[in-house]
Amino acid sequence: MTATAERRPVLPMSELSDYAGGPALVRAEPASDRLILSWESGEQAAFSLNWLRDHCPCDECRHVRTRERLYIPLEPPEHAPRMQLIEGNLELEWADGHQSRFDAGWLYQRRPGQTSNGTIPARRPWVEGFRPVSVDHADFTGSAEGERAWLDALLRDGLVLLDNGPLADEEVSRLAERIGPLRPTNFGARFDVRSKPNPNNAAYTAIGLAPHTDLPNWRQPPDIQLLYCLENGADGGESTFRDGFAAAQMLRERSPEAFRLLSETAIDFRFQDEHHDIVWRAPILTLGADGELVEVRFNNWIRDTLHLPPEQADAWYRAYREFWRLVHEPHQQLEFSLAPGQMVAFDNRRMLHGRKAFNPESGRRHLQGTYLDLDLLESRLRVLARQA
Ligand code: OGA
Ligand code: ZN
Ligand code: ZN
């Protein structure tokens, strides 16, 4: 079966967002319970009939407004459908008379083996000498490119700076809300980091904070942390950062046994104050199904009682010390003083962050912080990509 010359796209509305054109179909051939499609660009791919029936974009199979799926794939298609190419797009008529019209470019983007459309950048581990991307506040708030550059760097490098912002209370919340609703925790949706009279957390003192992740005592710690500097006039208080994934990868190479222990031994984390007692048990390094690193939980001051028999405890402490030393290697750390009007954003489940001690008698230090969900950062990038 051959195509006619000009292809007018048939766009399933639900997929409009990432539709980027694509070649016309030139052939459609049945092969038992498959359909082999060939595009004018030379690619060929086999689609299962089940899949094609399930993905029918018509208004009966997809809700007219939400474009969400209505069709439920309970009945396998009994016979191969009748097929024809119309203006380079695919039209199928199933045994029960139902008709499905597929856009050739839409199918092309979804041909088996095709996974990513490239909108979300892959993580890139820090190498020695890493310098973070800085985006100007005016560019972030004033242009889609500025916001995209910020999101891209944050997702790729795990950390990004925003420069030259106003010294305005709550600016951190306004910036975060451009991306999505703030993720609340027991410290509120938005928190003030400064030395407080009755601190319930190390961050609210003037002591140094060793590299850590926030809230590993939660089942799901917040994904992204934003810290906005309003005042930084005290002596000390420099910020420190380290790519926790890169450090874990180093540990894996240098000391596989220590890596194994930290990834296989669940330990307890706990935060307690007058109002809360939040506990979670998890290993310091969480691995995915393929052994890849998915999360680091590292926070020495809210690590709780270690429930391990003495021998296992001793082995675990040896592994912990090795990782601690790696994390603290000075040439792998990024250290700088946040300037008033500057904001740092980082992936709290990948990066380790800390600060040097400061002297509250010497001047004021005040940061405002909040958290965001990674899903909404990725969503924002996809939405911005529609306009590109
Ligand atoms: C925190 C924190 C760092 C700082 O609030 O979680 O780590 O620079 N603060 O005060
Ligand atoms: Zn349909
Ligand atoms: Zn912290």
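Residues numbered from 1 in each chain as written. Chains lettered and ligands numbered in written order. Predicted model: local features only at pLDDT ≥ 70, side-chain atom pairs only at ≥ 80, totals over all residues. Heavy atoms only, no water.

## Topic: the packing of aromatic side chains
In the structure shown here, the tally under the stated rule is 18 aromatic pairs. Their ring planes at 75 degrees and their centres at 5.3 Å tell us that Trp39 and Tyr108 sit as a pair that is edge-to-face. Placement of the pair is Trp39 in strand β2 (residues 34–39) and Tyr108 in helix α2 (residues 104–109), with a sequence separation of 69 residues. Exposure remark for Tyr108: the relative accessible area of 17% places this residue in the buried category. Relative to Phe130, the ring of Trp126 lies with its centre 4.2 Å away and its plane at 15 degrees, an arrangement referred to as stacked. Residue Trp126 shares its accessibility class with Phe130, and that shared class is buried. An aromatic cluster of three or more residues is present, and its members are Trp39, Phe47, Trp51, Phe102, Trp106 and Tyr108. Directly above the aromatic system of Tyr71 lies the positively charged group of Arg53, at a separation of 4.0 Å from the ring centroid. If you follow Arg111 out to its NZ or CZ, it ends over the ring of Tyr108, 4.0 Å from the centre. (Phe/Tyr/Trp six-rings, centres within 6.5 Å; stacked < 30°, edge-to-face > 60°. Helix = DSSP H or I, 4+ residues; strand = E, 2+ residues; numbered from the N terminus. Buried < 20%, exposed > 50% of the residue type's maximum accessible area, 1.4 Å probe, protein only. Lys NZ or Arg CZ within 6 Å of the ring centre and 35° of its normal.)

## Here we look at the pairing of strand β13 (residues 239–243)
Both faces of the sheet carry side chains from a regular strand, because those side chains alternate between them. By the criterion of burial, β13 is predominantly enclosed, with five of the five residues buried. Residue alternation in β13 divides its side chains into two sets, Ser239, Phe241 and Asp243 and Thr240 and Arg242, and both sets are buried. Two strands pair when backbone bridges link them, and β13 and strand β18 (residues 334–336) are joined in this way by three bridges, in the antiparallel orientation. Looking at β18, one finds that Ser239 is bridged to Phe336. Sheet topology places β13 next to strand β20 (residues 351–355); five bridges connect them, and they run antiparallel. Paired with Phe241 across the bridge in β20 is His353. (Pairing = 2+ DSSP bridges.)

## A word on the coordination of the zinc ion (ligand 3)
Coordination sphere of the zinc ion (ligand 3), protein contribution only: His212 (NE2), Asp214 (OD) and His353 (NE2), at 2.1 Å. Along the chain, the residues donating to the zinc ion (ligand 3) fall in the pattern H-x1-D-x138-H. Comparing His212 with Asp214 shows no difference in burial state: the two are buried. (Donors = N, O, S within 2.8 Å, 3.2 Å for Na, K, Ca; no water.)

## Topic: the packing of helix α6 (residues 244–254) against helix α8 (residues 310–327)
Packing of α6 against α8 brings their axes to within 10 Å, and their N-to-C directions diverge by 130 degrees. By the angle between their directions, the pair α6 and α8 is classed as oblique. As α6 runs across α8, the sense of the crossing is right-handed. Residues Gly244, Ala247, Ala248, Met250, Leu251 and Arg254 of α6 form the contact with α8, whose own contacting residues are Glu322, Phe323, Leu326 and Val327. Here the contact of α6 with α8 is built from residues that sort into seven nonpolar, one polar and two charged. (Axes fitted to C-alpha atoms, helices over the stretch in contact; angles between N-to-C directions. Parallel < 35°, antiparallel > 145°, perpendicular 65-115°, else oblique. Left-handed = near helix turned anticlockwise from the far one by under 90°. Contact = heavy atoms within 4.5 Å. Nonpolar A, V, L, I, M, F, W, Y, C, P; charged D, E, K, R; others polar.)

## Regarding the environment of Ala95
With respect to the helices and strands, the residue Ala95 is situated in the loop between β5 (89–93) and β6 (99–102). On a C-alpha basis, the gap between Ala95 and Thr240 in space is 65 Å, while along the polypeptide they are 145 residues apart.

## Things to note about the sheet that holds strand β11 (residues 224–232)
Overall, mixed pairing links the six strands, which are arranged β7-β8-β19-β11-β22-β9 in an open sheet. With partners counted over all chains shown, the strands left at the sheet margins are β7 (134–136) and β9 (190–193), one partner each. Averaged over all adjacent pairs, the angle separating strand axes in this sheet is 25 degrees, with direction ignored. Pairing between β11 and strand β22 (residues 365–372): eight bridges, direction antiparallel. Opposite Glu231, over in β22, you have His366 as the bridge partner. Against the sheet, helix α4 (residues 144–157) makes contact with β7, β8 (159–163), β11 and β19 (343–347), and its axis sits at roughly 150 degrees relative to β8, the strand it touches most. Contacting β8, β9, β11, β19 and β22, helix α5 (residues 171–179) runs over the sheet at an angle of about 20 degrees to β22.

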